[in-house]
Amino acid sequence: MKTAFIRAFAFLLALIPHIYATASDFEVDGLYYNILSEEDRTVEVTHKSNHSDENENYVSGEMEIPRRVLYNKKTYTVTAIGMYAFWQCTGLTSVTIPSSVTSIGDCAFFSCSGLTSMTIPNSVTSVGETAFGSCTGLTSVMIPNSVTSIGDWAFSNCTGLTSVMIPNSVTSIGDGAFMDCSGLTSVMIPNSVTSIGYRTFGSCTGLTSVTIPDSVTSIGNYAFYNCTGLTSVTIPNSVISIGAYAFNSCSSLSSITIPDSVTSIGYRTFYDCTGLTSVTIGNSVTSIGNDAFMNCSGLMSVTIPNSVTYIGESVFSNCDGLTSVTIPTSVISIGKSAFNSCSSLLSVTIPSSVTSIGEYAFWRCTGLASVTIGKSVTSIGNLAFNNCSSLSSVTIPISVTSIGSGAFNKCWGLQTIYVKSRIPVECAPNFPDDVIKNAILYVPTGTLAAYEKVDPWRNFWNIKEMDFSGIEDAEMDATRGTDEPVIRVENGVIKVDNADGEAPVEVFDISGKSVFRECANMVSGLAKGIYIVKVGDKVQKIRL
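Residues numbered from 1 in each chain as written. Predicted model: local features only at pLDDT ≥ 70, side-chain atom pairs only at ≥ 80, totals over all residues. Heavy atoms only, no water.

Chemist: Talk me through the overall build of the protein; I want residue IDs and the actual numbers.
Modeler: For the protein, the count of helices and strands is five helices and 44 strands. Relative to a compact globule of 544 residues, whose C-alpha radius of gyration would be 24 Å, the protein shows 33 Å and is clearly more extended. Dimensions of the protein along its principal axes, counting C-alpha atoms only, are 115 × 50 × 35 Å. When burial is assessed residue by residue, the protein has 55% of its 544 residues classed as buried. Of the contacts made within the protein by residues no fewer than 6 positions apart, 35% connect residues no fewer than 24 positions apart. When the accessible surface of the protein is summed, it comes to about 21700 Å², and 47% of that surface belongs to carbon and sulfur atoms. Charge-centre separation for the protein: the mean point of 30 positive side chains lies 9 Å from the mean point of 45 negative side chains. (Helix = DSSP H or I, 4+ residues; strand = E, 2+ residues; numbered from the N terminus. Rg over C-alpha atoms; globule rule 2.2 N^0.38 Å. Buried < 20%, exposed > 50% of the residue type's maximum accessible area, 1.4 Å probe, protein only. Contact = heavy atoms within 4.5 Å. Areas by Shrake-Rupley, 256 points an atom, 1.4 Å probe, with all protein chains shown as cover. Lys, Arg positive; Asp, Glu negative; His and termini not counted. Charge placed at Lys NZ, Arg CZ, Asp CG, Glu CD.)

Okay, structure coming up:
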């Protein structure tokens, strides 16, 4: 039994003393009543006994609740079905409720498993907490347009319920109202509802699609948790926030569009949505909560909008189908394990806005072949690129002042390492032995002696000096937005933007030898290294 249902059951236990403390005022034709108002002559139907075991199955079969009852020569009108009135009457198969009833109390029909259908008259305005909870035989229910609120857990665990139409009079649907209704395949949410609460449709495993009306402003925690059959959901532009675990474990959900109205995505919102292949994040989202898309193994690409300033911990961890990700220049920090175990990720450009790369950020991204670290990064966390076995080259910008332990451990494929700082950073990144022996470490001109005195750099067998002046980062150049040619590098290819393809492009190696010359918008097939690119009057040094 799930945690939320245990919570509901605890609620029931808390109310049991009420059964023992309250006795019925009178009985007529096998039903028990409490007088609500002697002046108005109104009564509610109540439970049989102060002892809970005597209430089980005290009525069965078909039952009609009368509109009026006569007691002590006084006529009373039945206006309510009270708390626990028919609690655990498992033999009850049908109930006719008179139009005089305005409310159905908490747990009124709880665990009436033999009840197959229910028509609530249009005099009723409220359905109490757990009113029909665990009515497992209930297949259909008619809620009239007089009802304005549906209580917490009202229809929870009604496993036989296949469809429900909520009238547009309802403004509030309680927490867990339809939780564990595993047979529910469709639901109509009216545009009178403003919020979808905690676990409202949690574990409705048969639910295949849902349209959220544009009156809704918030989707609560666990709202559609574990709706494993849900293949599509439409989130309107009115929604501002999506709560923690809201769509957690919706494993059949294939795509999701988060509208521009949403400002935050909660903790583990789409965690374990293994069927999710694409996601569009609206450009008003400023934060993506920890673990938000963790274990979305089918997710192939994602574009993070430039409104996001922080990528939380483990946001895309274990998204092993993710091949590309676009990180905007609005992002300041990348959290711990943000892209942990994204084994299909091929390349990543960390923009110059980012100042820190968290621990384990790209740990075990075994397919990662290239990474561009922005010029504002000051710290690279412990094990940040650990086990990125396909990484062949890395450039550590001049801004970096600390590199965590094991940051490049098990990066067996590293062939070139460019460190731009003139002051060697003391650190323990634990480069593999083969990298220390075979890779080339490039350091700024005039700093070789300094690097040969500091760990771990002095351990490298091949250290060379290089003039890094004039080498521009691809992501820097791509954001200039001028009419002059923009020379940039993308996945090992030199690209020329803002050119008509008729201007000659000439590429020279570091020795000054021309290695490419023709009219083109891109140059490919060159080996990794430093090149000078000339397009018209523009000359730029780049690194592949």
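There's plenty left to go through after this.
Chemist: So what about the pattern of salt bridges? Which residues, and what values?
Modeler: Throughout the structure, instances matching the rule amount to eight salt bridges. A salt bridge links arginine 41 to glutamate 38; the shortest N-O distance between them is 3.4 Å. On the basis of relative accessibility, which here comes to 31%, the residue arginine 41 falls in the partly exposed class. (Salt bridge = Lys/Arg side-chain N within 4 Å of Asp/Glu carboxyl O.)

Chemist: Please give an account of unusual backbone geometry that cites residues and values.
Modeler: Note the cis peptide between aspartate 455 and proline 456, where omega equals 0°. The topology assignment puts proline 456 in the loop between α4 (448-451) and β37 (462-466). Within the chain, glutamine 88 stands out as a residue other than glycine whose phi angle is a positive 60°. When you line up the elements, glutamine 88 lands in the loop between β6 (74-81) and β7 (92-96). Non-glycine residue serine 337 carries a positive phi angle of around 60°. Within the secondary structure, serine 337 is located in the loop between β28 (333-334) and β29 (347-350).

Chemist: Would you mind going over the packing of aromatic side chains in detail, with residue names and values included?
Modeler: Aromatic ring pairs are defined here through the distance separating the ring centres and the angle between the ring planes. Tallied over the full model, the rule gives 32 aromatic pairs. Considering the side-chain rings of phenylalanine 385 and phenylalanine 408, the 5.5 Å spacing of their centres and the 5° angle between planes classify their relative orientation as stacked. One end of the pair, phenylalanine 385, is in the loop between β32 (379-380) and β33 (393-396); the other, phenylalanine 408, is in the loop between β34 (402-403) and β35 (416-419), and 23 residues separate them in sequence. For phenylalanine 385, a relative accessible area of 0% gives the class buried. For the ring pair phenylalanine 431 and tryptophan 457, a centre distance of 5.9 Å and an interplane angle of 55° mean the geometry is tilted. Highlighted residues: phenylalanine 431 in the loop between β35 and α3 (433-438) and tryptophan 457 in the loop between α4 and β37, separated in sequence by 26 residues. One Lys or Arg, arginine 41, reaches over the ring of tyrosine 76 and ends 6.0 Å from the middle of that ring. (Phe/Tyr/Trp six-rings, centres within 6.5 Å; stacked < 30°, edge-to-face > 60°. Lys NZ or Arg CZ within 6 Å of the ring centre and 35° of its normal.)

Chemist: Please provide a residue-by-residue account of the sheet that holds strand β39 (residues 493-497), values included.
Modeler: Strand order in this open sheet of three strands is β38-β39-β42, and the pairing throughout is antiparallel. Only two strands of the sheet have a single partner each, and these edge strands are β38 (486-490) and β42 (522-523). The pairing of β38 with β39 spans five bridges and is classified as antiparallel. Note on β39: the bridge partner recorded for valine 486 is aspartate 497. (Pairing = 2+ DSSP bridges.)

Chemist: Lay out the state of the cysteines in plain terms, naming residues and giving numbers.
Modeler: For the coordinates displayed, the defined rule picks out zero disulfides. Cysteine 135 takes part in no disulfide bond, and the closest cysteine sulfur, belonging to cysteine 112, lies 5.1 Å away. Classification of cysteine 135 by relative accessible area gives buried; the value is 0%. As a non-bridged cysteine, cysteine 427 has cysteine 411 as the owner of its nearest cysteine sulfur, 13 Å distant. (Disulfide = S-S within 2.5 Å.)

Chemist: Mind laying out the nonpolar core, listing which residues take part and the relevant values?
Modeler: Among the nonpolar cores identified, the biggest contains 144 residues, and Phe86, Phe109, Phe224, Phe293 and Phe385 are the most heavily contacted of them. In this structure phenylalanine 86 touches Leu31, Val45, Tyr58, Val59, Met63, Ile65, Ile81, Leu92, Ala108, Phe109, Phe110 and Cys112, once residues within four positions along its chain are discounted. Judged by nonpolar contacts, the second largest core, of 13 residues, contains Val507, Ala520, Ile542 and Leu544. (Core = buried A, V, L, I, M, F, W, Y, C linked by side-chain atoms within 4.5 Å.)

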